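# Structure assessment
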Amino acid sequence: SSGINAEYGDSIRFTVVQHPLSRLVFHYRKTITSHGEMMAQKKMWVKPTILLARQLSSSLREEYEDELERWLSGTFTPSSNSTNPYLKAPTFPEFVSWMLTAQREGDWRGTNGNWVPASRWTDICQNDLDLVVKLENEQVEIPYLLERLRLSEHLEYFLGKHKEIPGSEVERYMGQLSEEQQARINDIYEMDYELFGYDPVNFL
C-alpha cells in the first residue's frame, strides 16, 4: 500500500459540472437541429417521445410508425403535405414529459448522462472530491484545475470547448413547460442546486 500511496499521493479527485437545466436544454437543441443527431438519439428518446406524445389508433399507428422509423433512419423524406403527425421533431415539453415518465417507470433511458443529475453520476456524497469545476466559470476554474494537474501548458486546448447557452434561451425553453413539469424537474435537480450552488431560476 505504501507504493500505491507514493504513486497516487499527489492525485486530485475532481468533477466537472454544468447547470442541469442548461445541460438539458443544450442536449435537446443539439438533437432537434440536426437530423443526424435525431437519428443517433432515435432509440434513446426521440422515437419513444414521439410515440408517447402523439398517441393514435392502432391502425393509424402501424401505418405512420413505419414512416417514422424510415424517416429517423434516413431512408424516407416526407412530402410537404404529409398528414403523418409523427414526422415532426419532438417539442421540448414532449421531450420533458417522456423523460419524467421514463424516470418514474424506472426506464434506464430516463437516467441518460445528458440529463441525469450530476449529484448522481458523480456520487459526490461517497467520493471525497478535492475540486468541483463549474463550466460556467471555466475561464477561472479550468486554469486552476490544470495548474493543480501540472497541465497548464495545455490550457489553450481545454478552454473554449464548452458551448454555453444564453440564460435567456434556457428560460425561454423552460417557460414552455407546465407548472407541474417545472416543479418535477426542479425536484429531480434539487440536490444539484444544493450541492453545487446552482439556482433553478438563474442560468448564468
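Structure: see above.
## Overview of the overall build of the protein chain
A count of helices and strands for the protein chain gives twelve helices and two strands. Tracing the protein chain from N to C terminus, the helices and strands come up as α-β-α-α-α-α-α-α-β-α-α-α-α-α. Counting only C-alpha atoms and orienting by the principal axes, one finds that the protein chain spans roughly 70 × 40 × 35 Å. With 204 residues in all, the protein chain has 38% of them scored as buried. Summarising the internal contacts of the protein chain: among those between residues at least 6 apart in sequence, 70% fall at separations of at least 24. Taken as a whole, the protein chain presents about 12000 Å² of accessible surface, with 48% of it coming from carbon and sulfur.

## Digging into the side chain of Gln41
Secondary-structure assignment places Gln41 in the loop between helix 3 (35-40) and helix 4 (42-53). Excluding anything up to four places from it in sequence, Gln41 contacts His27, Thr31 and Val46.

## A few points about the packing of helix 4 against helix 6 (residues 92-104)
Viewed as axis vectors pointing N to C, helix 4 and helix 6 meet at an angle of 100°, and their least axial separation amounts to 9 Å. Between helix 4 and helix 6, the angle is such that the two are roughly perpendicular. Between helix 4 and helix 6, the contacting residues are Met44, Trp45, Pro48, Thr49, Leu52 and Ala53 on the first element and Glu94, Phe95, Ser97, Trp98 and Thr101 on the second. Of the residues contributing to the contact of helix 4 with helix 6, the split by class is seven nonpolar, three polar and one charged.

## So, the pattern of salt bridges
Per the counting criterion, the structure on display carries nine salt bridges. We note a salt bridge from Glu69 to Lys47, for which the minimum N-O separation is 2.7 Å. Of the two residues, Glu69 sits in helix 5 (residues 58-72) while Lys47 sits in helix 4, which places them 22 residues apart along the sequence. Taking the relative accessible area as the measure of exposure, Lys47 reaches 17% and is therefore buried.

## Details of the side chain of Lys42
Within the fold, Lys42 resides in helix 4. Residue classification places Lys42 among the buried positions, given a relative accessible area of 12%. At 2.8 Å, the side chain of Lys42 and the side chain of Glu69 are in polar contact. If sequence neighbours within four positions are ignored, Lys42 has contacts with Lys47, Pro48, Glu69, Leu72 and Ser73.

## Examining helix 8 (residues 138-148)
Listing the buried residues of helix 8 in full gives Glu138, Ile142, Leu145 and Leu146. Projected down its long axis, helix 8 shows its buried positions confined to an angular sector of 95°, all on one face. Exposed positions of helix 8 whose direction lies more than 90 degrees from the buried face are Val140 and Glu147. Contacts from the buried residues of helix 8 go to strand 1 (14-17), strand 2 (131-134) and helix 9 (155-158). Where helix 8 ends, the next residue or the one after it, Arg150, has phi of about 60°, a positive value.

## Comments concerning the pairing of strand 1
Burial of strand 1 is one-sided: the residues Thr15 and Val17 facing one way are buried, the residues Phe14 and Val16 facing the other way are not. Pairing analysis gives four bridges linking strand 1 to strand 2, with the strands arranged parallel. Note on strand 2: the bridge partner recorded for Thr15 is Val132.

## Some words on unusual backbone geometry
The phi torsion at Arg150 lies on the positive side, around 60°, for a residue other than glycine. With respect to the helices and strands, Arg150 occurs in the loop between helix 8 and helix 9.

Conventions used here
- Residues numbered from 1 in each chain as written.
- Predicted model: local features only at pLDDT ≥ 70, side-chain atom pairs only at ≥ 80, totals over all residues.
- Heavy atoms only, no water.
- Helix = DSSP H or I, 4+ residues; strand = E, 2+ residues; numbered from the N terminus.
- Buried < 20%, exposed > 50% of the residue type's maximum accessible area, 1.4 Å probe, protein only.
- Contact = heavy atoms within 4.5 Å.
- Areas by Shrake-Rupley, 256 points an atom, 1.4 Å probe, with all protein chains shown as cover.
- Axes fitted to C-alpha atoms, helices over the stretch in contact; angles between N-to-C directions.
- Parallel < 35°, antiparallel > 145°, perpendicular 65-115°, else oblique.
- Nonpolar A, V, L, I, M, F, W, Y, C, P; charged D, E, K, R; others polar.
- Salt bridge = Lys/Arg side-chain N within 4 Å of Asp/Glu carboxyl O.
- Polar contact = N/O pair within 3.5 Å; in protein donor to acceptor, adjacent residues only side chain to side chain.
- Arc of directions from axis to C-beta.
- Pairing = 2+ DSSP bridges.

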